[in-house]
Amino acid sequence: MGKTITGKNEQLTYLKERLTMFMEVLDHIEPENTELEDIDRLIGMLDDLEVKVEQFKTRKEG
């Protein structure tokens, strides 16, 4: 596992990087070839991002 992200700047950078990765995945999807499993993975990525946002909102800066 990686180190804990505690600083507000680190948290923001982490979220921006994850959102960028998500957008890159979306850009490379070919709608006519997309399977249900692909959509499930995208939803999972969004769920993970939402969890991180909530964790960062409640975590004290350290």
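Refer to the structure printed above.
Residues numbered from 1 in each chain as written. Predicted model: local features only at pLDDT ≥ 70, side-chain atom pairs only at ≥ 80, totals over all residues. Heavy atoms only, no water.

## Some words on helix α1 (residues 8-28)
- Under the 1.5 Å per step criterion, the end-to-end length of α1 is 31 Å for 21 residues, consistent within 8% with the ideal 30 Å.
- Those residues of α1 that sit buried are Gln11, Tyr14, Leu15 and Phe22. Across the axial projection of α1, the buried residues extend over an arc of 95°, all falling on one side. Exposed side chains of α1 directed beyond 90 degrees from the buried face belong to Asn9, Lys16, Asp27 and His28. (Helix = DSSP H or I, 4+ residues; strand = E, 2+ residues; numbered from the N terminus. Expected span 1.5 Å × (residues − 1). Buried < 20%, exposed > 50% of the residue type's maximum accessible area, 1.4 Å probe, protein only. Arc of directions from axis to C-beta.)

## Things to note about the packing of α1 against helix α2 (residues 36-58)
- The geometry of α1 relative to α2 is characterised by a closest axis approach of 11 Å and an angle of 170° between their N-to-C directions. Taken together, the axis directions place α1 and α2 in an arrangement best described as roughly antiparallel. Here Lys8, Gln11, Tyr14, Leu15, Arg18, Leu19, Met21, Phe22, Val25 and Leu26 of α1 lie close against α2, whose contacting residues are Leu42, Met45, Leu46, Asp48, Leu49, Lys52, Val53 and Phe56.
- Considered class by class, the residues forming the contact of α1 with α2 number 13 nonpolar, one polar and four charged. (Axes fitted to C-alpha atoms, helices over the stretch in contact; angles between N-to-C directions. Parallel < 35°, antiparallel > 145°, perpendicular 65-115°, else oblique. Contact = heavy atoms within 4.5 Å. Nonpolar A, V, L, I, M, F, W, Y, C, P; charged D, E, K, R; others polar.)

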